[in-house]
Each structure stands twice: as structure tokens, then as C-alpha cells.
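Coordinates in review
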Amino acid sequence: QRLLEMFLQTQRISRPEFELATRTNSYLRKLAEQGVRQQITEEHLREGFNVMYGEKVRVRHIQLNDMREAIKARSRLNDGEPFDKVAREMTRDERTRATGGLVQRPFTRNDPTWPEAFKEAAFALEAADEISDPVLAGDTVHLIKLEQKVPPSTAVKYENHRDVVREELIKG
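What counts and what doesn't
The written sequence of each chain sets the order in which its residues are numbered from 1. Whole-chain, interface and lining totals are the exception, using all residues; otherwise, since this is a predicted model, local features are given only for residues with pLDDT of at least 70 and side-chain atom pairs are given and counted only at 80 or more. Each side-chain value is derived from all of the structure's non-hydrogen atoms; neither hydrogens nor water enter the calculation. Put simply, DSSP marks the helices as runs of H or I at least four residues long and the strands as runs of E at least two long, and each gets a number from the N terminus on. Summary of the burial criterion: residues with accessible area below 20% of their type's maximum are buried, those above 50% are exposed, and those between are partly exposed, where the area comes from a 1.4 Å probe applied to protein chains only. A pair of strands is treated as paired once DSSP finds two or more bridges between them. Here, residues are in contact when the closest pair of their heavy atoms is within 4.5 Å.

1. What about unusual backbone geometry?
Of note, the phi angle at Arg12 is positive, near 60 degrees, even though the residue is not glycine. Structurally, Arg12 is set in the loop between α1 (2-11) and α2 (15-39). Exposure remark for Arg12: the relative accessible area of 76% places this residue in the exposed category. We note that Asp129 has phi near 80 degrees; this positive angle belongs to a residue other than glycine. Residue placement: Asp129 occurs in the loop between α7 (116-124) and β3 (135-137). Residue classification places Asp129 among the exposed positions, given a relative accessible area of 52%.

2. Quick notes on the pairing of strand β1 (residues 56-64)
Here β1 lies mainly inside the structure; seven of its nine residues are buried. Direction of pairing for β1 relative to strand β2 (residues 107-108): antiparallel, over a ladder of two bridges. Counted as the bridge partner of Val57 is Phe107 from β2. Here β1 runs beside strand β4 (residues 140-150); their pairing, made up of nine bridges, is antiparallel. Paired with Ile62 across the strands is Leu143, a residue of β4.

3. A few points about the side chain of His61
Position of His61 relative to the elements: it lies in strand β1. Residue classification places His61 among the buried residues on the basis of a relative accessible area of 0%.

4. Concerning the environment of Met67
Within the secondary structure, Met67 is located in helix α4 (residues 67-78). Residue Met67 is classed as partly exposed on the basis of its relative accessible area, which comes to 44%. Placed 92 residues apart in sequence, Met67 and Glu159 show a C-alpha to C-alpha distance of 44 Å. Here Met67 is in contact with Pro134 and Val141, once residues within four sequence places are set aside.

This is the structure we're talking about:
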């Protein structure tokens, strides 16, 4: 109570103003929740489940210094050279060079190891062997090849977590 009073005093808000604002925000949230609940589709729920419970991707990538190198690598790929060969010869990532650009373990959308732009591009790929356009991630450029989409663990069932996902989407 005392901390609240001190906070209100520093913000120059009276107790009745604070209570009115709190009550108003509560009503607005209830109204907004009803609208949001109606907007959430089955597709939104499944996408949220995949993000929350671990759809993964296994990819290869070629890390390059700039767009000039990316255009050269893409040209070689378009001419029919295998991705792993181009990766071995051109990548700047020493960890994946020997494996032809293969990232050793699949990763989720929430994996902090990879930059957001890299993850977004990897998850946007739909079919195995599809290759991304050049992706600027930090100070490097990547070409990403989808090897495999790995569904969430079978131990975690969508049907059992549907309501949890809905509530998380509503909280937003």
C-alpha cells in the first residue's frame, strides 16, 4: 500500500484517478479479449503450437561476407552445382565448412543461437531442397537450404495444448 501511494505521488495521480484508470483498463481488456478470441483461427492455433512446442528445421547454409559473394554463390547453384560443394568452397563459417554447410542440429524458432532474420528465412522455406534468397543477418549474408522440417515431439500433442496456446495468443 505504502509503495503504491509513493508511486502515485511521484506520478501525480490521485487514488481515485488510479482506481478509475484501473477499472477502465480492465473493462477494455475484457472487451478486447472477446474480439481477439473470435479472430483466432485454427491455423493461428497450429502456428502458435509449432512456435511454442518446437517445430524445428534442419538446414545447410553458406555464410558470405557481402551481397557480391552471395550473387556469385547463387549463380553457381543456379548453374547446377551441388549446395554442399559451393558451401565447402565459399562459406565463411568454419564450423559448417567440412559438412557442406550442414548445421549439426535442428533448431526451433525460439533458438537464441541464430539471428532472427536467419530463423525467419529458414522457417519460411517450405519444401526440402528449397534455397532462400540472400538473407542479411548482422554483418553477414546467408544462403539457406532446407533439408528437413521436423515436427514437434510426439510426446506433446496439439489437442492437449490447444487451450493453452489460445490463452497465450490472447495475452499476446
